[in-house]
Amino acid sequence: MIVPANTWQATAAACLDVNAIPVLVDVEPDTYCLDPEKAAAAITPRTRAIIPVHLYNSLADMDRILELARQHKLFVIEDCAHNHGSQWRGRGVGAVGDIGCFSFQSSKSLNAGEGGFVMTNDDRLFERLYSLRNCGRMRPDADPSNWEPVQSGNYRISEWQAAILLAQFERFPAQLAKREANMTFLNEQLGQIEGLKPMLRRPQVTRQGLYQYAFRYDPEAFNEVPVEAFRRALGAELNTSVGGMYYPLNHSPLYQPHTKRRHHLSDEYWQAIDPKRFNTPIAERAFSTESVILSHPHLLADQDNLGDQLSRI
Ligand SMILES: Cc1ncc(COP(=O)(O)O)c(C=O)c1O
């Protein structure tokens, strides 16, 4: 399965859980999402799926990814943990590929404390997903011709969590619109500061939600002040924590497939899941010298307040 090198470890760990090989592919320099051309180069006859992750304030290039999937008969599983409410060509993310996955863990812009959901338009996949989340059970109304037994466990969200989520849907559209307007404002304003660059928003992105807001920093324009110092200084000015992007998974202390003996299906598999075998220079550069990341509550500020924050950069 093709997975971008820049993502939370869960995206790749989910592949290991089904005995698949997460093939780490580098990201685009201007979206920090899966680079479709590098994904194309990584496809082999054994590839089954592409997992684009819509990260920060960017969406993966779904036109190109769907084209690749059609060409090579692959499934597309969208990881939308960061992008509740975003749209690609007017269609909600999660409904663009074959399957969409969302996280409602407590830091997300829609949250139930913990939990998530998965969606699909395909009847067979739907029954399969239902069974996977519910100890292998068949859905009571399922058409048996769409169902087959599967080993699984309990991945159900509780009614209490669902109720907390449903209540948030009332305010969510207004929050989404405010965050999007503020993001556009920040992109315009930051883009005018030499050495700072907003992320690319492709014209196919008809709505952009976000969990974290990213922009790019060029140390050369700031007397080679390292990005960590810039993040610390900005955090001190804004009285908040300002971070960088995830460790690329090939170097992440949180992605260690070799620490679990159950992943040793064969020597060949063991070698194939070694994250260190992948080369991801763009993700590595973005991580170590470039990315600056703020959390979504900042994007709910009034524009005067954001302007004030910007004047401190
Ligand atoms: C990109 C991405 N994928 C998957 C997940 C996993 O979500 P959860 O923590 O709900 O399992 C996260 C969580 O932070 C994430 O950021």
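Look up a bit, the structure's there.
How each quantity is defined
- Residues numbered from 1 in each chain as written.
- Predicted model: local features only at pLDDT ≥ 70, side-chain atom pairs only at ≥ 80, totals over all residues.
- Heavy atoms only, no water.
- Pairing = 2+ DSSP bridges.
- Helix = DSSP H or I, 4+ residues; strand = E, 2+ residues; numbered from the N terminus.
- Axes fitted to C-alpha atoms, helices over the stretch in contact; angles between N-to-C directions.
- Contact = heavy atoms within 4.5 Å.
- Core = buried A, V, L, I, M, F, W, Y, C linked by side-chain atoms within 4.5 Å.
- Buried < 20%, exposed > 50% of the residue type's maximum accessible area, 1.4 Å probe, protein only.
- Domains from an automatic or database assignment.

Caption draft 1: Looking closely at the sheet that holds strand β11 (residues 212–217). Across the sheet, three strands lie side by side as β9-β11-β12; this open sheet has antiparallel pairing. With one partner strand each, in any of the chains shown, β9 (196–198) and β12 (291–295) form the two edges of the open sheet. Taken over all neighbouring pairs, the strand axes of this sheet differ in orientation by 35° on average, direction set aside. As paired strands, β11 and β12 are joined by five bridges and run antiparallel to one another. When the sheet's bridge partners are listed, A214 is paired in β12 with I293. Running over the sheet, helix α6 (residues 172–190) touches β9 and β11 and is turned about 10° from β11. Lying over the sheet, helix α9 (residues 281–290) contacts β11 and β12, oriented at roughly 75° with respect to β12.

Caption draft 2: Here's a closer look at the nonpolar core. Grouped together as the largest cluster of nonpolar side chains are 62 residues, with contacts concentrated most on I2, L34, I50, Y56, M62, I65 and M245. Per element, the largest residue contribution to this core is four residues, and it comes from helix α3 (residues 62–72). Two domains share this core, each providing at least three of its residues, namely domain 1 (2–171) and domain 2 (172–244 + 282–310). Excluding anything up to four places from it in sequence, I2 contacts V23, V25, L34, A39, A42, I43, T47, A49, I50 and I51. Counting 20 residues, the second-largest nonpolar core is a separate cluster that includes F185, L299, L306 and L310.

Scope: geometric values only; no functional claims are made or implied.
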